[in-house]
Amino acid sequence: MKTNQITFKVAKIADSTAKAIGIAVASDSAPAKEVGMTREQLSDLGFDGKLGQTLVLPNSKKQLTIVVGIGEAAKANADAMRNAAAALARASAKVVSLSTSLATAGRGDRATIAQAVTEGLILATHRYDALKSDKKATSKLKSVTLVAPGATNPAVTNGSKRGEIIADAVCLARDLANMPPAHLTAKMIAERAQKIGAETGVKVEVFNKDQLLAMGCGGMIGVNRGSVNPPRMVKISYRPSGARSAAKKSASKNAAKSKLPHLILVGKGVMYDSGGISLKPSDPSHAMMKADMTGAAAVLATMSTLNALGCKNQVTAYMMCTDNLPSGSAMAMGDVLTMRNGKTVEIHNTDAEGRLVLADGLSLAAEQKPDAIVDIATLTGACARALGPHMSGVMGNNQRFVDQVLSAANATDEQAWQLPLERKYRTLIDSYIADMKNVGGPDAGAITAALFLDEFTSGLPWAHIDIAGPMWADGDAGWLQRGATAYGTRLLVNLAESFKRR
Ligand code: BES
Ligand code: MN
Ligand code: ZN
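Residues numbered from 1 in each chain as written. Chains lettered and ligands numbered in written order. Predicted model: local features only at pLDDT ≥ 70, side-chain atom pairs only at ≥ 80, totals over all residues. Heavy atoms only, no water.

1. Here's the deal with the overall build of the protein
Our working rule: Every helix listed is a DSSP run of H or I at least four residues long, and every strand listed is a run of E at least two residues long, numbered separately from the N terminus. Between the two quantities, the radius of gyration covers C-alpha atoms and the globule rule is 2.2 Å times the number of residues to the power 0.38. Whether a residue is buried, partly exposed or exposed follows from its accessible area with a 1.4 Å probe, protein chains only, as a fraction of its type maximum: under 20%, in between, or over 50%, in that order. Residue contacts are counted whenever heavy atoms from the two residues lie within 4.5 Å of one another. Calculation of accessible area relied on Shrake-Rupley with a 1.4 Å probe; when residues are assessed, cover is drawn exclusively from the protein chains displayed.
A count of helices and strands for the protein gives 15 helices and 19 strands. Rg of the C-alpha trace for the protein: 24 Å, near the compact-globule value of 23 Å for 502 residues, within the 12% margin. Across its three principal axes, the protein shows a C-alpha extent of roughly 80 × 60 × 40 Å. Considering the protein as a whole, with its 502 residues, one finds that 56% of them fall into the buried category. Considering only residue pairs separated by 6 or more positions, the protein has 76% of its internal contacts joining residues 24 or more positions apart. As displayed, the protein has an accessible area near 20,500 Å², and 54% of this comes from carbon and sulfur atoms.

2. Digging into the pairing of strand β4 (residues 64-69)
Filter applied, for reference: Two strands make a pair as long as DSSP finds a minimum of two bridges between them.
Burial analysis of β4 places 5 of its 6 residues in the buried class, which makes it a mostly covered element. Bridging between strand β3 (residues 54-58) and β4 involves 5 bridges; their strand directions are antiparallel. Counted as the bridge partner of L55 is V67 from β4. Adjacent in sequence and paired antiparallel, β3 and β4 are bridged by 5 residues, among which K62 carries a positive phi angle near 60°.

3. Some remarks on the pattern of salt bridges
Under the convention used in this document: Put simply, a salt bridge is a Lys or Arg side-chain nitrogen that is within 4 Å of an Asp or Glu carboxyl oxygen.
What the rule picks out here adds up to 22 salt bridges. The shortest N-O distance in the salt bridge between E205 and K203 comes to 4.0 Å. Its relative accessible area of 26% is what places E205 among the partly exposed residues. Of the charged contacts, one joins E455 and K343 as a salt bridge, the two residues approaching to 2.8 Å between their closest N and O atoms. Here E455, found in the loop between α14 (445-454) and β17 (462-466), pairs with K343, found in the loop between β11 (336-338) and β12 (344-346); they are 112 residues apart in sequence, far enough to count as distant. Through salt bridges with shared partners, a single ionic network connects D79, R82, E119 and R490.

4. Brief notes about the environment of Q5
Just so we agree on the cut-off: Here a polar contact is taken to be a pair of N or O atoms separated by no more than 3.5 Å, where protein atoms must pair a possible hydrogen donor with a possible acceptor and residues adjacent in sequence count only if both atoms sit in side chains.
One can find Q5 in the segment before β1 (7-11). Residues Q5 and G222, spaced 217 residues apart in sequence, show a C-alpha to C-alpha distance of 41 Å. The contacts of Q5, once residues within four sequence positions are left out, are T125, T138, S139, L141 and K142. A distance of 3.1 Å separates a polar side-chain atom of Q5 from the backbone oxygen of S139. Of note is the side chain of Q5, whose polar atom sits 3.3 Å from the backbone oxygen of L141.

5. Describing the coordination of the manganese ion (ligand 2)
Short version of the rule: A 2.8 Å cut-off from the metal defines N, O and S donors, relaxed to 3.2 Å for Na, K and Ca; water is not in the atom list, so some sites may appear incomplete.
Protein-derived ligands of the manganese ion (ligand 2) are D273 (OD), D351 (O), D351 (OD) and E353 (OE), with the metal-ligand distances lying across 2.0 to 2.2 Å. Read from N- to C-terminus, the donor residues coordinating the manganese ion (ligand 2) fall into the pattern D-x77-D-x1-E. Between the manganese ion (ligand 2) and the zinc ion (ligand 3) the interatomic distance amounts to 3.2 Å, and D273 serves as a bridging ligand to the pair. Take D351: its relative accessible area is 21%, and that puts it in the partly exposed class. With a relative accessible area of 1%, E353 lands in the buried category.

6. Focus on the side chain of K235
Using the following cut-off: Positive charges are assigned to Lys and Arg, negative charges to Asp and Glu, while His and the chain termini are left out of the count.
Of note, K235 is situated in strand β8 (residues 232-238). One buried charged residue, K235, remains without a salt bridge, the closest side chain of opposite sign being E205 at 4.3 Å. Those residues in contact with K235 that lie beyond four places of it in its chain are K203, V204, E205, F207, T316, A317, Y318 and Q368.

7. Some remarks on the coordination of the zinc ion (ligand 3)
Six octahedral donors at a metal ideally form angles of 90 or 180 degrees, and four tetrahedral donors ideally form angles of 109.5 degrees. In plain terms, the rule: A site with four donors is called tetrahedral when every donor-metal-donor angle falls between 85 and 135 degrees; four donors are called square planar, and six octahedral, when opposite donors sit more than 155 degrees apart and all other angles fall between 65 and 115; any other arrangement is irregular.
Taken together, the protein ligands of the zinc ion (ligand 3) are K268 (NZ), D273 (OD), D292 (OD) and E353 (OE), with distances of 2.0 to 2.4 Å. Around the zinc ion (ligand 3) sit 6 donor atoms; with metal-centred angles ranging over 78 to 173°, the donor geometry is octahedral. In primary sequence terms, the donor set of the zinc ion (ligand 3) follows K-x4-D-x18-D-x60-E.

8. Section: the side chain of E164
Positionally, E164 belongs in helix α4 (residues 153-178). Residue E164 is classed as buried on the basis of its relative accessible area of 18%. Residues in contact with E164, not counting those within four places in the same chain, are K2, N4, I6, F8, T118 and I122.

9. Let's talk about helix α15 (residues 489-498)
Summarising burial for α15: 7 of the 10 residues are buried, a large majority. For α15, the set of buried residues is T489, R490, L491, L492, V493, L495 and A496.

10. Some details on helix α5 (residues 186-200)
The condition that has to hold: Multiply 1.5 Å by the residue count of a helix minus one, and that product is the helix's expected span.
Here α5 is 15 residues long and its end C-alpha atoms lie 21 Å apart, about the 21 Å a rise of 1.5 Å per residue gives. For α5, the elements touching its buried residues are α4, β7 (203-207), β8, β9 (262-273), α10 (294-309) and β10 (314-324). G201 sits one or two positions beyond α5 and adopts a positive phi of about 75°.

11. Description of the packing of aromatic side chains
The geometry of an aromatic ring pair is captured by two quantities: the separation of the ring centres and the angle between the planes. Heads up, the rule is: Two rings from Phe, Tyr or Trp (for Trp, the six-membered ring) form a pair when their centres sit within 6.5 Å of each other. Planes less than 30 degrees apart are called stacked, planes more than 60 degrees apart edge-to-face, and all others tilted. In our convention, an over-ring charge means Lys NZ or Arg CZ found within 6 Å of a ring centre and within 35 degrees of that ring's normal.
Taken as a whole and judged by the stated rule, the model has 2 aromatic pairs. Between F401 and F499, the aromatic rings sit 5.8 Å apart at their centres with planes inclined by 90°, giving edge-to-face as the arrangement. Placement of F401 in helix α13 (residues 399-412) and of F499 in the segment after α15 is noted, with a sequence separation of 98 residues between them. Take F401 and F499: they sit in the same class, and that class is buried. For the ring pair F452 and F456, a centre distance of 5.4 Å and an interplane angle of 45° mean the geometry is tilted. Here F452 and F456 have matching classes, each one buried. It is R490 that lies over the ring of W479; its NZ or CZ is 4.6 Å from the centre.

12. So, the sheet that holds β3
So the rule is basically this: The axes used here are C-alpha line fits, helices contributing only the stretch in contact, and every angle between their N-to-C directions lies in the interval 0 to 180 degrees.
The sheet built from 6 strands is open, its strands ordered β1-β6-β5-β2-β4-β3 with mixed pairing. Two strands close off the open sheet at either side, each with one partner strand: β1 and β3. Across the sheet, the mean angle from the axis of one strand to that of its neighbour is 20°, orientation sign disregarded. Across 5 bridges, β1 lies against strand β6 (residues 143-147) in parallel orientation. Across the sheet, residue T7 finds its bridge partner in β6, namely S143. The strands touched by helix α3 (residues 110-123) within the sheet are β1, β5 (97-100) and β6, with β6 carrying the most contacts at an inclination of about 160°.

Right under this line is the structure:
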C-alpha cells in the first residue's frame with residue numbers, strides 16, 4: 001500500500017537525467033572519483049565525512065553533486081546508513097529526482113543496508129501536510145534511482161522493496177497519529193482499518209459499542225462514557241498463505257507442532273486524551289494527546305505489511321479505540337469497572353485510561369491462548385520522564401519474550417530499555433473495595449501501570465512497550481520528522497517476522 005511520494009528504481013548505472021547525484025563519503029577513506037575532489041579539497045570546504053553531514057556542489061552536467069558523510073567506514077552499519085540516507089533526502093528536498101550509490105555503501109548484509117537506506121529516504125521526506133495550504137516545506141523529491149552494479153543488484157532490489165513496504169507503513173501510522181481528533185474518531189479509524197485490510201489482504205472485524213457491552217469490555221465502555229463518539233475495537237487477523245495446507249499435512253503427525261507460532265499485538269487507541277474528569281491542565285503541549293492512539297496506529301500499520309513481506313507467523317491484532325473526555329456522563333473517581341476477564345477496578349484517576357482499554361484487549365488476546373502477547377501504548381508520563389524521547393520502556397512477565405522485543409528494537413534502531421516488573425510494587429495498586437485501583441501513586445508509575453496490565457494476561461508470555469517518550473519528535477532529525485513518529489511500527493514488523501515460540 002503506497003503512502004509515500006517517492007518512486008524507487010534500482011539500476012546498474014547512475015541515472016544521468018537525475019537532478020541530484022548522491023555520493024557516500026566516509027570520514028576515514030578517500031572519496032570516490034565521481035566526487036571530483038580530494039579529501040583535502042572537501043575538508044577545505046568544511047566537509048569531513050561525519051555521519052549525516054552533507055555538502056552540495058553544482059557539477060558540470062547542471063546537476064547537484066551531494067556528498068553525504070557516512071562516518072567511519074567500519075562503523076557504517078544499517079542504523080548509520082538509514083541516518084545518512086535521511087540526510088541525503090533532506091539535502092535533496094528541492095529537486096525532483098536523485099540518483100545515488102548510497103545503498104551499496106556501508107558495512108553489512110547488502111539487502112539490510114539497502115532496506116535501511118530506502119527507509120531513511122522515505123522517512124525523512126514524509127510530512128503530514130494535508131492541512132497546509134502552502135506545501136513548500138514538503139520535499140519535492142519524487143524519484144530515486146538506487147545504483148547497484150553487478151552482483152549487488154538483486155540484494156539491493158529486495159532490500160529496497162522491503163524498505164518501501166515498511167516505511168510506507170510508518171508513513172501511514174504517522175499520518176493517522178498526526179490527524180486532529182475531529183478528523184479521526186474511533187469510528188473513522190475503524191473504517192480506515194477495514195479499507196486497509198481489504199487492500200492488504202488481512203481480515204478486519206470491527207466491534208461497536210453494543211458489541212463491546214455484550215462482551216463485557218468494561219474498560220472500553222467506562223473510558224468512552226464521557227464522549228459523544230462511540231468506541232470501536234478493531235480485530236485484525238493474519239495467517240501466512242499456504243499455512244492451512246502445511247498445517248493439515250503435519251496435523252496427523254503432531255497436532256501441537258502443526259500450529260503456527262501465534263503472536264498477538266494490542267494497541268492503545270485513545271483518539272484524544274483530555275484526562276476525562278481528571279482533566280489535564282490546559283497546556284498547549286497537550287495538543288499531542290491526539291496521538292494517544294499511536295500504539296493502535298502502529299499495530300494497524302504493522303498488520304498492513306505482513307502479506308507483502310511474506311511473514312511466516314500467525315499474527316492477530318487488537319486496536320482499542322475511544323477518546324477520553326469529561327462530561328455529565330463521564331466515569332468518575334470512585335467508580336468501579338468490571339473488565340472483560342471479570343476483574344474489578346476502582347477508578348482513582350480518569351487520566352489513567354490507557355490501561356483500562358488495554359485490559360480488555362489483553363483479556364481477549366489471552367482467551368485465544370497465543371504463544372505471546374505484546375502491547376504498545378503511550379501509557380505513562382513517568383516512562384517518558386525516566387527514559388526521555390529516544391527510547392521506549394519495555395516490561396514483561398517472560399524474559400525470553402522480552403529479549404525478542406529488545407532484539408527487534410535493536411535491529412530497527414527503535415531504541416528500547418527494559419524496566420523491572422517488580423512484584424513488590426503490586427500492593428501499590430491494591431483497592432479496599434475492588435480487585436485493584438487504576439493508579440499506584442507517585443512512585444514507579446511506569447512499573448505500576450505494567451503490573452496493572454499483567455493482571456489481564458492470564459500468565460501467558462507478555463511484553464509491554466510504553467512509548468510515551470518516543471511517540472513524538474519536537475523537530476526533524478535523522479529519519480525522524482517533527483510530530484508523531486509512529487515509533488514501534490518498524491519494531492513490531494521485525495518482531496512479527498522474527499518471532500519464535502521460545
Ligand atoms: N496518554 C497519557 C500518557 C502520556 C503522557 C503519553 C505524555 C504521552 C506523553 C496517559 O493516559 C496518562 O494520562 N497517564 C497518566 C497516568 C497517571 C494519571 C497515573 C500520566 O502519566 O500522568
Ligand atoms: Mn490519560
Ligand atoms: Zn492516555
